[in-house]
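Examination of the molecular architecture
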Amino acid sequence: MLEARGLCKSFGKIVAVRGVSFSARDGQITGLLGPNGAGKSTTLRMLYTVLKPDQGDALIDGRSVTEDPLAARRAIGVLSHGAGVYNHLTARENIVYFGELHGMSRADREARAAELIELLEMQEFADRLAKGFSQGQKLKTALARSLVHRPKNVLLDEPTNGLDVMAVRGLRKLLVQLREAGHCVLFSSHVMQEVEQLCDEVVVIANGQVVAAGTLADIRAHGGDRLEDAFVALMAGNGADGEAKK
Amino acid sequence: MNLRGIWAVFRKEFRENLRDRRTLLSALVFGPVLGPVLVAGLVQFGISHAEEQSDEDIVVAVMHAERAPNLLAYLTARGVDITKVALDESGARHAVATQTHKIILDIPEDFGARLQEGQPAPVVLYSDGSRGFDRRGVGRVRALISQYGIEIAQLRFLARGIDPISVLPISVQEIDVSTPSSRSVLVLNMMTYLVLLSMLFGGLYLAIDATAGERERGSLEVLLTSPVPREHLIYGKIFAAAAYMMISLCLTVVMFSLAMSFVGLEQLGITANLGPGAASKLIACCAPLILFGASYLSIVSGFAKSYREAQTYLGLVITIPTMPLMFAGMMGLQAKMALMFVPFLSQHLLMTTVVRAEPIEPTFVAISVTSTLIYGVLLMFLAGRLYRREALLG
């Protein structure tokens, strides 16, 4: 369970996020939808404790990211933008390393890595150095790494960027599996189709603010039959070109 | 405090870099091999040249040799080879410039006549001052001619009934107190510099990778979401860089010790105190510096926006700590209490003392080790603070 409460963040004079509040429930996939530069990444980065909010707070299963970031981190798995892996380690070593950082015992982290390698169908390249990995192989490694400590909450920042169709399908399948297993999944995207196919709930962000939140049906109610039409209507209504800066 | 995270990061960094050709080259090959080979090569060159020179007779080409038979006989008797040449002034200049003859002595026409009249009799000595290695020969010829002049003067005084001793009010006795080991310091001064530089290079790529590399690869954010305090992440990285620096340091010193044992320093009248005992002392002198060096390089690379930028910065800043060494070399600084508080310089001075085979002041060692370690720990904490900054994410 993730709860953002009035998150604000500025970088110098640029205000990136101005009072974002929403919640993402267990057993659901929540999409953070918005145009480029809307503040999706910044919001996620505050949730996964890399950035400290200027104002507001976020709770991960009730634990504050500002007051107890270490406890919050134990409860989240993160796929950050770019999803870089260590080139001189094998896929398996990449996964095991994060298990170790999460304080798992050797036997536990190795067993869990083997489990994830099977789940994500990585057997073929699991023991190769990550140096020559394809985008899809890198993504799978990064995903396995973020799930190694069995986090209840999974946050993904634009996970499908730069992936081919097969890799996207694989990722989708995994997210659905995580939902079935009762995880709370939150991912950011600017691709309507993706959000439409996967999400139970959608949070639309523009200009660093939440402009709409709810089920797909709720969002569509803002205009048109399709999510895209509703999105365009929301952007126009909320001055995506700068009106909100007032 | 739970230090498990530091250990996990250390092990991963150590193992990962063991597979990185670039790190291995800079830590295990460049510094440890190139430095010692360079110095040994220079020393070897110096030795063979010195041997050549001392074996070689001094050869002087003489113009108008018939004008000064006694002077030439005097020179020949003292081991100078005389060849007679017929050249004019510009021919003599050209011959020296092109090294057809290294030294040319010209006896002017009135040499004999002036000598008989008791007037100063000039001779002209041509040589090329830009050829450093041949200066010894010229100096020797000049000294012999002066000596000949003094002997003539003494004969003149005797002829006039004056004791020649009375006109030599001062006699200089030169005593060279440089022991073989202390002389070797001149040759091996470069060594301390290369040891320290090679040590720093050992951890260079790990330091860059600690921040700039992680960021560029896109793995930094995920690393920061692990439940390990941020400063522990950088401490683990610093310790891994320090481990590579330690390996680099040990290898470099051992290689120097080996290289110098192959070079026949004894023939130069030099003994380098670089046996296993001295080598372990050298390593012990420098070891406290590795924490300082690793933290210093990590901090600098933390400010770089990219890997490339970090490489540029570090290429420059890696030479800063070694600047006091050049200064020390120029000023001829000796080990002093106050200088033991200066990192790098104190290590340089202690190493010099070891190589000179001079007694080491235990308080100096204590100050150098303690102060350097304190600076290192402070820098490490500073690096930890920097790793907490959000600007780290770039």
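Cut-offs applied
- Residues numbered from 1 in each chain as written.
- Chains lettered and ligands numbered in written order.
- Predicted model: local features only at pLDDT ≥ 70, side-chain atom pairs only at ≥ 80, totals over all residues.
- Contact = placed C-beta atoms within 7 Å.
- Helix = DSSP H or I, 4+ residues; strand = E, 2+ residues; numbered from the N terminus.
- Nonpolar A, V, L, I, M, F, W, Y, C, P; charged D, E, K, R; others polar.
- Core = buried A, V, L, I, M, F, W, Y, C linked by C-beta atoms within 7 Å.
- Buried ≥ 20, exposed ≤ 12 C-beta atoms within 10 Å, placed from the backbone.
- Pairing = 2+ DSSP bridges.
- Axes fitted to C-alpha atoms, helices over the stretch in contact; angles between N-to-C directions.
- Right-handed = clockwise from strand over helix to strand, strands pointing away.
- Expected span 1.5 Å × (residues − 1).
- Domains from an automatic or database assignment.
- pLDDT = per-residue confidence, 0-100.

**Concerning the interface of chain A and chain B**
With 26 residues of chain A in contact, the opposing surface of chain B contributes 19 residues. Examining the composition of the side of chain A that touches chain B, we find that four residues originate from one element, helix H3 (residues 91–101) of chain A, more than from any other. Its residues assigned to classes, the side of chain A that touches chain B comprises 13 nonpolar, eight polar and five charged.

**Section: the nonpolar core**
The tendency in soluble globular proteins is for nonpolar side chains to be buried as a group. Ranked by internal contacts, the top residues of the largest apolar core, which has 149 residues, are Val204 of chain A together with Ala241, Ala242 and Met245 of chain B. With 19 residues, the single largest contributor to this core is helix H10 (residues 230–262) of chain B. Filtering out sequence-adjacent residues up to four positions away, alanine 241 of chain B remains in contact with Gly203, Leu206, Ala207, Ala294, Leu297 and Ser298 of chain B. Formed by 16 residues, the second largest nonpolar core is a distinct cluster that contains Ala68, Leu71, Ile103 and Ile104 of chain B.

**What about the environment of threonine 90 of chain A?**
All names here are of chain A. Tracing the backbone shows threonine 90 in the loop between strand E6 (76–79) and H3. In this structure threonine 90 comes out as partly exposed when scored by C-beta crowding, with 19 C-beta atoms within 10 Å. It is 24 Å that separates the C-alpha atoms of threonine 90 and leucine 175, two residues lying 85 residues apart in sequence. The residues touching threonine 90, leaving out its near neighbours within four places in the chain, are Ala126, Asp127, Arg128, Leu129 and Ala130.

**What about the sheet that holds strand E10 (residues 209–215) of chain A?**
Residues and elements named next belong to chain A. With mixed pairing, six strands are arranged side by side in an open sheet as E6-E7-E8-E3-E9-E10. Lying at the two open borders of the sheet, with one neighbouring strand each, are E6 and E10. Mean inter-strand twist for the sheet, computed between neighbouring axes without regard to direction, equals 15°. Bridge analysis of E6 against strand E7 (residues 153–157) gives four bridges, and the strand direction is parallel. Residue isoleucine 76 lies in a different strand from E7, and its bridge partner there is asparagine 153. Against the sheet, helix H9 (residues 227–237) contacts strand E3 (28–33), strand E9 (201–206) and E10, and its axis sits at roughly 35° relative to E9.

**Section: the pairing of E7 of chain A**
All names here are of chain A. Among the five residues in E7, five count as buried, and that is most of the element. Burial along E7 is two-sided: the face carrying Asn153, Leu155 and Asp157 and the face carrying Val154 and Leu156 are both buried. Pairing of E7 with strand E8 (residues 184–189) involves five bridges; the strand directions are parallel. Bridging across to E8, asparagine 153 finds its partner in cysteine 184. What joins E7 to E8 is helix H6 (residues 165–180), and the crossover it makes is right-handed.

**Brief notes about the pairing of strand E4 (residues 55–60) of chain A**
Residues and elements named next belong to chain A. The pairing of strand E1 (residues 2–11) with E4 spans five bridges and is classified as antiparallel. Paired with arginine 5 across the bridge in E4 is aspartate 57. Relative to strand E5 (residues 63–64), E4 is paired through two bridges, and the arrangement is antiparallel. Opposite isoleucine 60, over in E5, you have arginine 63 as the bridge partner. If you look at the hairpin formed by E4 and E5, you'll find two residues sitting between the two strands, and aspartate 61 has a positive phi there, around 45°.

**Description of helix H5 (residues 135–147) of chain A**
Given a rise of 1.5 Å per residue, 13 residues ought to cover 18 Å, and the 18 Å separating the end C-alpha atoms of H5 of chain A matches this to within 8%. Buried residues dominate H5 of chain A, accounting for eleven of its 13 residues. Against the buried residues of H5 of chain A lie E6, H3, helix H4 (106–119), E7 and H6 of chain A together with helix H9 (220–224) of chain B.

**As for the environment of leucine 79 of chain A**
All names here are of chain A. In this fold, leucine 79 is placed in strand E6. Here leucine 79 falls in the buried class, since 25 other C-beta atoms lie within 10 Å of it. When near neighbours in sequence (up to four residues on either side) are disregarded, leucine 79 contacts Ala142, Leu143, Ser146, Leu156, Asp157 and Pro159.

**Side note on the sheet that holds strand E4 (residues 124–126) of chain B**
Residue and element names in this part refer to chain B. One open sheet holds the four strands; their spatial order is E2-E1-E3-E4, and the pairing between them is mixed. Either end of the sheet is taken by a strand with one partner, and the two such strands are strand E2 (80–85) and E4. Between one strand and the next, the sheet's axes are offset by a mean angle of 30°, whatever the strand orientation. When strand E1 (residues 58–63) meets E2, the two strands line up parallel, connected through six bridges. Across the sheet, alanine 61 pairs through a bridge with threonine 83, a residue of E2. Those strands touched by helix H4 (residues 89–97) are E1, strand E3 (104–106) and E4, and its axis lies near 165° from that of E3.

**Structural notes on the domain arrangement of chain A**
Residue and element names in this part refer to chain A. When its domains are assigned, chain A resolves into domain 1 (2–75 + 151–245) and domain 2 (84–150). At the junction of the two partners, domain 1 supplies ten residues and domain 2 supplies ten residues. Per-element accounting of the side of domain 1 that touches domain 2 gives the leading share, four residues, to H6. Tallied by class, the residues present in the side of domain 1 that touches domain 2 amount to seven nonpolar, one polar and two charged.

**With respect to the confidence of the model for chain B**
Across chain B, the average pLDDT comes to 84, with 89% of residues at or above 70. When pLDDT is averaged over each helix and strand of chain B, the minimum, 75, is found for helix H7 (residues 180–202) of chain B and the maximum, 94, for helix H16 (residues 362–388) of chain B.

**Digging into the domain arrangement of chain B**
In terms of domain boundaries, chain B breaks down into domain 1 (4–48 + 181–393) and domain 2 (56–167). With centres defined by C-alpha atoms, the gap from domain 1 of chain B to domain 2 of chain B works out at 54 Å.

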